[in-house]
Amino acid sequence: MAKKYRTERDTLGSVKVPVDALYGAQTQRAVDNFSVSGQVMPGPFIASLGLIKKIAARVNCQLGLLDDQRAAAIETAAAAVQAGQYNPHFPVDIFQTGSGTSSNMNANEVIATLATRSSGLEVHPNDHVNLGQSSNDVIPTAIHVSVVDQLNQRLLPALAHLAEVIGSRAERLNGEITTGRTHLMDAMPVSLAQELEGWKTQINLDIERLKATLPRLYRLAQGGTAVGTGVNAHPDFARRFAQLISRDTGYPFIVSDCFFESLSSQDTAVELSGQLRVVALSFTKICNDLRWMNSGPLAGLGEIELQSLQPGSSIMAGKVNPVIPESVLMVAAQVTGYDAAIAQAGQNGNFQLNTMLPLIAHNLLQSIEMLSSAAELLADKAIATFKVRHDVLAANLAQNPMLVTALIPLIGYDLAAQIAKQAYREKRPILDVALDVTDIPADELKRLLEPDNLLKPR
């Protein structure tokens, strides 16, 4: 069945638009021009566009610039966009005009269509929905608003959950002692609780870093319009907009100290991306530890058993792999790549505008979503559920030649090294070799070499 079209017009002329599309000519031109990736802007970003248009209509009505009926119709339509009811009508590719003008006009056109239908009045996408605004302040504002919401609603709670699960598991593993490793080589003993406390602290510091960035994300570009001068916006627009959007969301948004900075640079977005990369690297550390500890079960370390979630091979029957750490490691790699792209995009502020805004928005929001889901997976399907192989821990501890470090204050480094090499060569416990080589009484040696006594400095 042939697709039906209608004709729409803009300042460049006429264009055919699918008959059931809520958008108009400018969105259709973007669809025609930017058939690049098939990826559209993320849902939270579209929701923020709806929120911005809703608040802008309310402010313009309060300022006497927009009549009550049109303002109410725009608010209702924009609220529906904010709720995600019309996401299929936002088809513009991520890789579009660098200001995000196509996405801004997509929102303007959809909201204008809905408002026109509900009110019976002509609601113009530029003159009414975009009143007192520019893509150049709307899109940076949408980046900040959507990112603030997703950090507070998704990533920070997910990281807090991960830290809590790690901490709870650490408490239950307090009596489990394992062989420490530096350079992947045997080192002095540590408890599993101590290892997990290191992970927990990493995550808690990640939370602190993200929260430290929030005050700069709360600063909004809205009101700067085209180049930062606020042309065509009411002098009170920016202040009222920040007040109302704060009231609506519960977040302490404020007017940017300098619109010229907020439009021309994306330094805060680059800063946040760097913090997200650190979260990814924290996940990498934890997942690599889990994979090493789980390796085997016979030819690896085999200290723990991760939960068996699915068969690991299409040819090797019975094989089970560490699928959750592997999934999270791929997320970490992707976030690291996104950060590199955001850093490159951040360099593309020329004069009064950064021109890689859609890429920055997409990569930040995708990173936040992936890290949030990865944190939950890591907590619930790996750390909360792994089993400890007590026999392996005990056997490794007994043979650990680095226990001899505890004897150095009594016998010196050289003799201690000799004992360690002999124990390793003869595959005997350090205690047995030390009894042969030194005159330290057996009871004293047992006390000195007891792993429990080596977990904290004396």
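Residues numbered from 1 in each chain as written. Predicted model: local features only at pLDDT ≥ 70, side-chain atom pairs only at ≥ 80, totals over all residues. Heavy atoms only, no water.

K.L.:
I'd love a proper account of the overall build of the protein chain, names of residues and values included.
P.N.:
Broken down by element type, the protein chain carries 17 helices and 10 strands. In summary, the protein chain has a C-alpha radius of gyration of 30 Å against a globular reference of 23 Å for 458 residues, an excess of more than 25%. Across its three principal axes, the protein chain shows a C-alpha extent of roughly 100 × 55 × 35 Å. The burial tally for the protein chain puts 50% of its 458 residues in the buried class. Contacts in the protein chain between residues at least 24 apart in sequence constitute 72% of all its contacts with a sequence separation of at least 6. For the protein chain, the accessible surface area stands at approximately 21,000 Å², while carbon and sulfur atoms represent 53% of it. (Helix = DSSP H or I, 4+ residues; strand = E, 2+ residues; numbered from the N terminus. Rg over C-alpha atoms; globule rule 2.2 N^0.38 Å. Buried < 20%, exposed > 50% of the residue type's maximum accessible area, 1.4 Å probe, protein only. Contact = heavy atoms within 4.5 Å. Areas by Shrake-Rupley, 256 points an atom, 1.4 Å probe, with all protein chains shown as cover.)

K.L.:
Any details on the pairing of strand β2 (residues 13-18)? Residues and values, ideally.
P.N.:
Strand direction decides the pairing type here: strand β1 (residues 5-10) and β2, joined by 6 bridges, are antiparallel. Following the sheet pairing, arginine 6 is matched in β2 by valine 17. Once β1 ends, the chain turns through 2 residues before running back antiparallel as β2. (Pairing = 2+ DSSP bridges.)

K.L.:
A description of the pattern of salt bridges should follow, citing residues and the corresponding values.
P.N.:
Within this structure, the stated rule accounts for 17 salt bridges. The closest approach of N and O atoms between arginine 70 and aspartate 67, which form a salt bridge, is 3.0 Å. Judged by relative accessible area, which is 19%, arginine 70 ranks as buried. Judged by its relative accessible area of 33%, aspartate 67 falls in the partly exposed class. One connected set of salt bridges, linked through shared partners, spans Arg154, Glu369 and Glu376. (Salt bridge = Lys/Arg side-chain N within 4 Å of Asp/Glu carboxyl O.)

K.L.:
Which residues make up empty space enclosed by the protein, and what values do they have?
P.N.:
Under the counting rule described, the total for this entry stands at 1 cavity of 30 Å³ or more. Looking at the largest cavity, its volume works out to about 40 Å³. Surrounding the largest cavity, Met41, Ile46, Leu49, Phe90, Val92, Ser103 and Asn106 form its lining. Broken down by secondary-structure element, the contributors of at least two residues to the lining of the largest cavity are α2 (43-62) and α4 (101-119). (1 Å grid on protein atoms, 1.4 Å probe; cavity = no way out; pocket = protein on both sides within 12 Å on 5 of 7 lines; lining within 4 Å. Points joined across faces, edges and corners; volume = space filled by probe spheres on them.)

K.L.:
Run through the pairing of strand β3 (residues 177-182), naming residues and quoting values.
P.N.:
Examined bridge by bridge, β3 and strand β4 (residues 185-191) share 5 bridges and lie antiparallel to one another. By the bridge assignment, isoleucine 177 is partnered in β4 with serine 191. In this antiparallel pair of consecutive strands, β3 and β4, the connection spans 2 residues, and histidine 183 shows a positive phi of 60°.

K.L.:
Requested: an account of unusual backbone geometry, with residues and values cited.
P.N.:
Note: most residues except glycine have negative phi, and most peptide bonds are trans. A cis geometry characterises the amide bond from glycine 296 onward to proline 297, with omega recorded as 10°. For proline 297, the location among the structural elements is in the loop between α10 (267-294) and β7 (304-305). A positive phi angle, near 50°, is found at threonine 225, a position not held by glycine. By secondary structure assignment, the location of threonine 225 is in the loop between β5 (219-220) and α8 (237-249). Of note, asparagine 232 is a non-glycine position whose phi angle comes to about 75°, a positive value. Positionally, asparagine 232 belongs in the loop between β5 and α8.

K.L.:
Break down the nonpolar core for me, citing the residues and quoting the values.
P.N.:
Counting 111 residues, the largest nonpolar core has Phe283 and Leu290 as the members making the most contacts within it. Residue contributions to this core peak at 17 residues, all from helix α6 (residues 135-172). Not counting residues up to four positions away in its chain, the partners in contact with leucine 290 are Trp199, Ile304, Leu306, Pro325, Leu378, Ala382, Ile383 and Phe386. Core analysis: the next-biggest nonpolar cluster, separate from the first, contains 17 residues, Leu403, Ala416, Leu449 and Leu454 among them. (Core = buried A, V, L, I, M, F, W, Y, C linked by side-chain atoms within 4.5 Å.)

K.L.:
Talk me through α6; I want residue IDs and the actual numbers.
P.N.:
Counted at 1.5 Å a residue, the expected span for α6 with its 38 residues is 56 Å, and the 54 Å between its end C-alpha atoms agrees. The sharpest bend along α6 reaches about 45° and sits at leucine 151. Among the 38 residues of α6, 28 are classified as buried, and the element is accordingly described as predominantly covered. (Expected span 1.5 Å × (residues − 1). Bend = angle between axes of the 7 residues up to and from the residue.)

K.L.:
Explain the side chain of asparagine 104 residue by residue, including any values.
P.N.:
Residue placement: asparagine 104 occurs in helix α4. Owing to a relative accessible area of 0%, asparagine 104 belongs among the buried residues under this scheme.

K.L.:
Tell me what's going on with the packing of α2 against α6, and back it up with residues and numbers.
P.N.:
Interaxial distance between α2 and α6 falls to 8 Å at its minimum, and their mutual angle equals 115°. The chirality of how α2 crosses α6 is right-handed. Packed against α2, whose contacting residues are Pro44, Phe45, Ser48, Leu49, Leu51, Ile52 and Lys53, the element α6 presents Val138, Ile139, Thr141, Ala142, Ile143, Val145, Ser146 and Gln150 at the interface. Residues of the contact of α2 with α6, tallied by class, amount to 10 nonpolar, 4 polar and 1 charged. (Axes fitted to C-alpha atoms, helices over the stretch in contact; angles between N-to-C directions. Left-handed = near helix turned anticlockwise from the far one by under 90°. Nonpolar A, V, L, I, M, F, W, Y, C, P; charged D, E, K, R; others polar.)

K.L.:
I'd like to hear about α2, residue by residue, with values.
P.N.:
With 20 residues, α2 extends 29 Å from end C-alpha to end C-alpha; this agrees with the ideal 28 Å at 1.5 Å per step. Across the 20 residues of α2, 15 count as buried, placing the element largely inside the fold.

K.L.:
Let's hear about the packing of aromatic side chains: which residues, and what values?
P.N.:
Enumeration over the complete set of coordinates arrives at 3 aromatic pairs. An angle of 80° between the planes, with centres 5.8 Å apart, marks the rings of tyrosine 218 and phenylalanine 253 as edge-to-face. One end of the pair, tyrosine 218, is in the loop between α7 (192-217) and β5; the other, phenylalanine 253, is in the loop between α8 and β6 (254-255), with 35 residues separating them in the sequence. Relative to phenylalanine 241, the ring of phenylalanine 237 lies with its centre 5.9 Å away and its plane at 25°, an arrangement referred to as stacked. You can see phenylalanine 237 and its partner phenylalanine 241 sitting in helix α8, 4 residues apart, about one turn around the helix. No difference in accessibility class separates phenylalanine 237 from phenylalanine 241, as the two residues are buried. The ring of phenylalanine 386 has arginine 169 sitting right over it, with the charged end atom 4.2 Å from the ring centre. One residue, lysine 427, lies across the ring of tyrosine 424, its end atom 5.6 Å from the ring centre. (Phe/Tyr/Trp six-rings, centres within 6.5 Å; stacked < 30°, edge-to-face > 60°. Lys NZ or Arg CZ within 6 Å of the ring centre and 35° of its normal.)

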